Amino acid sequence: MAMNRSASDPARLKEAWDAEAERWIEWARTPGHDSYWRFHRDQFLRLVPPPGRQTVDIGSGEGRLARHLKQLGHRMIAIDSSGSLVAAARESDPSMDVRVADAAALPLEDASADLAIAFMSLQDIDDMPAAISEAARVLQPGGRLCLAIVHPLNSAGRFEQATPDAPFVIGGRYLGDFRYADTLERAGLTMTFHSRHRPVEAYFLALEQAGFLVEALREPGVPDHAIVSESWRRWQRLPLFLHLRAVRR
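These numbers were taken from a predicted model, which means no experiment stands behind them.

Rules used throughout
- Residues numbered from 1 in each chain as written.
- Predicted model: local features only at pLDDT ≥ 70, side-chain atom pairs only at ≥ 80, totals over all residues.
- Heavy atoms only, no water.
- Helix = DSSP H or I, 4+ residues; strand = E, 2+ residues; numbered from the N terminus.
- Rg over C-alpha atoms; globule rule 2.2 N^0.38 Å.
- Buried < 20%, exposed > 50% of the residue type's maximum accessible area, 1.4 Å probe, protein only.
- Contact = heavy atoms within 4.5 Å.
- Areas by Shrake-Rupley, 256 points an atom, 1.4 Å probe, with all protein chains shown as cover.
- Lys, Arg positive; Asp, Glu negative; His and termini not counted.
- Charge placed at Lys NZ, Arg CZ, Asp CG, Glu CD.
- Pairing = 2+ DSSP bridges.
- Axes fitted to C-alpha atoms, helices over the stretch in contact; angles between N-to-C directions.
- Salt bridge = Lys/Arg side-chain N within 4 Å of Asp/Glu carboxyl O.
- Polar contact = N/O pair within 3.5 Å; in protein donor to acceptor, adjacent residues only side chain to side chain.
- Phe/Tyr/Trp six-rings, centres within 6.5 Å; stacked < 30°, edge-to-face > 60°.
- Lys NZ or Arg CZ within 6 Å of the ring centre and 35° of its normal.
- Arc of directions from axis to C-beta.
- Left-handed = near helix turned anticlockwise from the far one by under 90°.
- Nonpolar A, V, L, I, M, F, W, Y, C, P; charged D, E, K, R; others polar.

### Side note on the overall build of the chain
Helix and strand content of the chain: eight helices and twelve strands. Since a compact globule built from 249 residues should have a radius of gyration of about 18 Å, the 17 Å found for the chain is in line with a globular shape. Dimensions of the chain, computed from C-alpha atoms along their principal axes, come out at roughly 50 × 40 × 35 Å. Here the chain holds 249 residues, and the buried ones make up 53% of them. Across the chain, contacts joining residues at least 24 apart in sequence account for 70% of those joining residues at least 6 apart. When the accessible surface of the chain is split by element, carbon and sulfur atoms take 51% of a total near 11,100 Å². The averaged location of the 33 negative side-chain charges in the chain is 3 Å from the averaged location of its 30 positive side-chain charges.

Next comes the structure, spelled out in structure tokens:
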């Protein structure tokens with residue numbers, strides 16, 4: 001696997017992801033191709049409550065997690081700002097309620113759901129605090145938000161080499177807010193991920209201001225069964241992702 005990190009272009013994250021939609025669909029739907037299939041989905045689901053009244057997937061992309069949650073018994077509404085990704089999700093499951101909308105302006109009534117999911121989407125949304133505020137609005141009191149993001153430590157720095165004991169270096173600032181882009185090449189597929197680095201505090205402030213109380217936090221490492229080469233063992237020293245579950249007060 002090859003990765004190149006660069007400063008992202010000045011366009012909004014939505015437009016940047018629209019431009020990557022076709023590549024993302026191919027990347028996401030190639031079984032076993034990325035961490036979602038190998039370990040990440042299953043690690044995340046350990047925090048997700050059982051099916052209830054209504055589950056909303058915010059930033060659902062082409063819908064792979066929403067489809068899996070539906071198989072597990074969740075009554076789903078999947079929402080993404082990309083028309084191309086929503087069309088792909090509808091094509092894969094025409095029976096699922098999939099809507100084009102901004103995460104900061106959800107097309108849902110107040111207190112209409114008991115579970116909101118934001119799986120690997122909030123770092124790709126320009127107005128993250130507004131998205132969390134909207135999640136709070138559509139959740140009933142006692143409802144839960146489960147989210148996964150690129151761990152802010154990961155987005156602030158990088159390993160100097162692809163070796164198990166490589167030093168991890170933050171060359172700039174962890175305590176900052178900036179755009180970046182990661183271009184990955186793997187097994188003949190290329191994908192550029194456009195995201196925004198924010199420190200952990202920024203997410204917790206947004207949750208606090210929206211009336212959420214954090215009840216679980218995880219920094220999962222890469223499990224042994226997902227190690228495809230010795231170089232991947234560096235990700236057993238530092239977390240790739242951060243998982244969190246919060247309750248709406």
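### What about the sheet that holds strand β12 (residues 241-248)?
The mixed open sheet is built from seven strands, whose spatial order is β4-β3-β2-β5-β6-β12-β11. A single partner strand is all that each edge strand has here, and the edge strands are β4 (97-100) and β11 (212-218). Averaged over all pairs of adjacent strands, the angle between their axes in this sheet comes to 20°, without regard to strand direction. Judged from the six bridges that link them, strand β5 (residues 113-119) and strand β6 (residues 139-150) form a sheet pairing that is parallel. Pairing of Ala-116 across the sheet is with Leu-145, part of β6. Packed onto the sheet, helix α5 (residues 83-92) meets β3 (76-80) and β4 and runs at close to 170° relative to β4. Most of the contacts of helix α6 (residues 128-138) go to β6, to which it runs at about 150°, and overall it touches β2 (55-58), β5, β6, β11 and β12.

### Looking at the pattern of salt bridges
Tallying each qualifying case throughout the model produces 18 salt bridges. Notably, a salt bridge pairs Arg-29 with Glu-62, separated by 2.6 Å at the nearest N-O pair. Note that Arg-29 is positioned in the loop between α2 (21-28) and α3 (35-45) and Glu-62 in the loop between β2 and α4 (64-71), a separation of 33 residues in sequence. For Arg-196, the salt bridge is made with Asp-177, and the minimal N-O distance between the two is 2.7 Å. Highlighted residues: Arg-196 in strand β10 (residues 189-197) and Asp-177 in the loop between β8 (168-169) and β9 (178-186), separated in sequence by 19 residues. Salt bridges sharing common partners tie together Arg-12, Glu-15, Asp-102 and Asp-126.

### Focus on the side chain of Ser-82
For Ser-82, the location among the structural elements is in the loop between β3 and α5. A polar contact is formed between the side chain of Ser-82 and the side chain of Asp-18, at a distance of 3.1 Å.

### Topic: the packing of aromatic side chains
Following the criterion strictly, the structure yields ten aromatic pairs and no others. Counting every residue linked through ring pairs, the aromatic cluster contains Trp-17, Trp-24, Trp-27 and Phe-193. Over the aromatic face of Tyr-36 sits the side chain of Arg-64, whose NZ or CZ is 4.0 Å from the ring centroid.

### Considering α2
Along α2, the positions that sit buried rather than exposed are Ala-21, Trp-24, Ile-25, Trp-27 and Ala-28. One side of α2 holds all its buried residues, which, seen down the axis, span an arc of 165°. Turning to α2, the residues buried within the fold contact α1 (13-19), α3, α4, α5, β9 and β10.

### Quick notes on the packing of α2 against α5
Between α2 and α5, whose axes approach to 9 Å, the crossing angle comes to 35°. Of the two possible hands of crossing, α2 and α5 adopt the one that is right-handed. The segment α2 lies against α5, with Ala-21, Glu-22, Trp-24 and Ile-25 engaging Ser-84, Leu-85 and Ala-88. Looking at the contact of α2 with α5 residue by residue, the classes come out as five nonpolar, one polar and one charged.

### Some words on the environment of Phe-178
If you trace the backbone, Phe-178 turns up in strand β9. Along the backbone, Phe-178 and His-197 are 19 residues apart, and their C-alpha atoms lie at a distance of 5.4 Å. Aside from chain neighbours lying at most four places away, what touches Phe-178 is Ser-155, Ala-156, Arg-173, Ser-195, Arg-196 and His-197.

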